[in-house]
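As a plain string of letters, each chain reads:
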Amino acid sequence: MSERIPQDFIDDLIERADVSEVIGKRVEIKKAGKEYKACCPFHNEKTPSFTVSPEKGFYHCFGCGAHGTALGFLMDYERLTFVEAVEELAKMVGVAVPKTKEDRVVSKETNNLKNLLSQISQYYEKNLTESENAIKYFKYRGIDGKTAKHYALGFAKDSWDDVLNSFGKTDKDRKQLLACGLLIKKDDGGYYDRFRNRVMFPIRNNRGEVVGFGGRVITDEEPKYLNSPETILFKKGELLYGLFESKKSIAESNSAIIVEGYTDVIGLYQFGVGNSLATLGTATTGNHINKIFRISDQIIFCFDGDDAGRKAAEKAMKLCLPLVRKNKEAYFLILEDEDPDE
């Protein structure tokens, strides 16, 4: 049975689960800096040597050597089989366990799409090195080559069929590009590229896998920003731009700054503020806040002082109120006339 549960689902399940919450419901744990401590539940001791790290996603006992993820803890503490532990953890996270043949097909297709998106991200990066206009735009925004490489920035050529011709050789290829959100289907049955003449911002999940893109025009066209559509991989209400790139800085500072745009995140990083994130053209959600609180005890919302920025701050505040608790804090910094990177 365990072989029937896709590995990518198991990895995602462990990533979604808050190991301190899983263990804290079964063992009395106390906050100790960025981690939690307790007397080890697997051997008798009077001085706590059992630590739980939400940031790293695992527990470890310095006394008996017991260690593992939330999944491993459920197996060892509650004497569950692997499948039982997966089902219990999935129930806590609120997702269904895929076990059918159809589920395995979907899992394989998901991995294929991730591989395709990775190839196209590298293709966009190569395009950037060959485009004087795109390079000029990034220099105008104050983004240097080292920073561009850190965020894998790229460029989509001014063409209706560049990606289509480069990666859509067969009908199967074209269907995968459509499933990734990189093609748009014509009324007559043909296809054309979604992103054209735009600097490209690959959007990664927590494991660093490219799941979508954001594109910004370098001319006066509209819309100024364009994101991938909702796909099997790209869920705007769950993803945060810069989360993978900023995990280390967030862990070191135990704080995350939420800003409005990609270039705000990139500009702050270049000026030494590496713990910033941005939502993907959508309002902050409860999923966003919970995800950040798993790796940080403090969130600072830094929005523009215009009406849109104040409304976004008000909405975020209302979402934070039921989620703020002991050791979890939210602050709001409203800027009057400048962007965060300015």
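Quick caveat: nothing in here was measured; it's all calculated off a predicted structure.

1. Things to note about the overall build of the chain
Here is step 1: Secondary structure summary: the chain contains 13 helices and 15 strands in total.
Here is step 2: Relative to a compact globule of 342 residues, whose C-alpha radius of gyration would be 20 Å, the chain shows 22 Å and is just as compact.
Here is step 3: Projecting the C-alpha coordinates of the chain onto the three principal axes gives extents of approximately 65 × 55 × 35 Å.
Here is step 4: If you take every contact in the chain between residues at least 6 apart in sequence, the share linking residues at least 24 apart comes to 62%.
Here is step 5: For the chain, the accessible area works out to roughly 17700 Å², and carbon and sulfur atoms hold 49% of it.
Here is step 6: Averaged over its 50 positive side-chain charges, the chain has a centre that lies 4 Å from the centre of its 53 negative ones.

2. Examining the nonpolar core
Here is step 1: Ranked by size, the top nonpolar core spans 46 residues in total, and within it Ile 120, Tyr 124, Leu 153, Leu 182, Phe 213 and Tyr 241 carry the most contacts.
Here is step 2: The element best represented in this core is helix 5 (residues 101–129), accounting for 7 residues.
Here is step 3: Ignoring any residue separated from it by four or fewer positions in sequence, one finds Tyr 124 in contact with Gly 154, Phe 155, Ala 156, Val 163, Leu 182, Phe 195, Met 200 and Phe 213.
Here is step 4: Membership of the second largest hydrophobic core comes to 27 residues, among which are Ala 17, Val 19, Phe 50 and Leu 89.

3. Re the sheet that holds strand 4 (residues 58–61)
Here is step 1: Taken together, 5 strands build an open sheet; the order of strands is 1-2-3-4-5 and the sheet is antiparallel. Each edge of the open sheet carries a strand with a single partner, namely strand 1 (30–32) and strand 5 (67–68).
Here is step 2: Note that strand 1 and strand 2 (residues 35–38) share 3 bridges and pair antiparallel. Looking at the pairing, Lys 31 lines up with Tyr 36 of strand 2.

4. So, the side chain of Thr 284
Here is step 1: Locating Thr 284 in the fold gives a position in the loop between strand 13 (276–278) and helix 12 (286–295).
Here is step 2: Excluding its chain neighbours within four sequence positions, the residues that come into contact with Thr 284 are Thr 279, Ile 289, Phe 301, Phe 303, Ala 316 and Leu 319.

5. Focus: the packing of aromatic side chains
Here is step 1: Within the structure shown, the criterion is met by 20 aromatic pairs.
Here is step 2: Taking NZ or CZ as reference, Arg 196 lies 3.7 Å from the ring centre of Trp 160, over its face.

About the thresholds
Residues numbered from 1 in each chain as written. Predicted model: local features only at pLDDT ≥ 70, side-chain atom pairs only at ≥ 80, totals over all residues. Heavy atoms only, no water. Helix = DSSP H or I, 4+ residues; strand = E, 2+ residues; numbered from the N terminus. Rg over C-alpha atoms; globule rule 2.2 N^0.38 Å. Contact = heavy atoms within 4.5 Å. Areas by Shrake-Rupley, 256 points an atom, 1.4 Å probe, with all protein chains shown as cover. Lys, Arg positive; Asp, Glu negative; His and termini not counted. Charge placed at Lys NZ, Arg CZ, Asp CG, Glu CD. Core = buried A, V, L, I, M, F, W, Y, C linked by side-chain atoms within 4.5 Å. Buried < 20%, exposed > 50% of the residue type's maximum accessible area, 1.4 Å probe, protein only. Pairing = 2+ DSSP bridges. Phe/Tyr/Trp six-rings, centres within 6.5 Å; stacked < 30°, edge-to-face > 60°. Lys NZ or Arg CZ within 6 Å of the ring centre and 35° of its normal.

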